[in-house]
Amino acid sequence: MVLALLVSGVVVLLVLVGLFVFGLRRRLIQRSGGTFDCSLRWNVPEKDPAPDGKGWVYGVARYNSDRIEWFRVFSYAPRPRRLLERASIEVLERRSPLGDEELALLSDAVVLICLHQETRLELAMSEDALTGFLAWLEAAPPGQRVNVA
């Protein structure tokens, strides 16, 4: 009986420590500012007839000079999972979530279809985050090309 209580107490403690580390990591990512919630779907086929909501990963994006660092929310990794260089991002299209994507994404999400170094990807973010993202893209230093559809 005592052993069962001890084991269950250790399990609860480990779960609480894990949740605390998730929160601490997100706080550290957001500490420098310039972050926004952003779901990502990487390497999307060009002919995606009916998006079914699969492949979306929820994350936090952070502006860092001329690139965006994208972190998975449910990860302990201290480094970003993806780096998107401003000069390499080409916005192809903007759309609303379709079908089951509405369940996989945040409620007010807008989907942005982009090309980054020959890789097709989709970013889903709020309308406010989209405005900031497009302004950041267009604010490239003189001489850099910007491709915003």
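These remarks concern the structure in this document. Starting from 1, residues in each chain are numbered consecutively following that chain's sequence as written. Local features are withheld for residues below a pLDDT of 70 in this predicted model, meaning they are given only at 70 or higher, and side-chain atom pairs are given and counted only at 80 or more; totals for whole chains, interfaces and linings count all residues. Excluding hydrogens and water, the side-chain values take into account all heavy atoms of the structure.

Each helix and strand in the protein chain was counted, giving 3 helices and 8 strands. Helix numbers and strand numbers start at the N terminus; a helix is a DSSP run of H or I with at least 4 residues, a strand a run of E with at least 2. Taken from N to C terminus, the helices and strands of the protein chain fall in the order α-β-β-β-β-β-β-α-β-β-α. Viewed in the frame of its principal axes, the protein chain has a C-alpha envelope of about 70 × 35 × 25 Å. Only protein chains enter the accessibility calculation, which uses a 1.4 Å probe; a residue whose area is less than 20% of its type maximum is buried, one above 50% is exposed, and one in between is partly exposed. Taken across its 149 residues, the protein chain has 34% of its residues classed as buried. Whether two residues are in contact is decided by their heavy atoms, any of which lying within 4.5 Å being enough. Here the analysis covers contacts within the protein chain between residues at least 6 apart in sequence; of these, 52% occur between residues at least 24 apart. Method for areas: the Shrake-Rupley scheme with a 1.4 Å probe, in which residue coverage is limited to the protein chains shown. When the accessible surface of the protein chain is totalled, it reaches about 9,300 Å², and 58% of it is carbon and sulfur. Residues counted as positive are Lys and Arg, residues counted as negative are Asp and Glu, and His and the chain ends are not counted. Every charge is mapped onto a representative atom, which is NZ of Lys, CZ of Arg, CG of Asp or CD of Glu. Side-chain charges of the protein chain comprise 18 positive and 18 negative groups, with the mean position of each set lying 9 Å from the other.

Before going further, it helps to spend a moment on the side chain of Thr119. Relative to the helices and strands, Thr119 is located in strand 8 (residues 119–125). In contact with Thr119, not counting residues within four places along its chain, are Trp42, Asn43 and Cys114.

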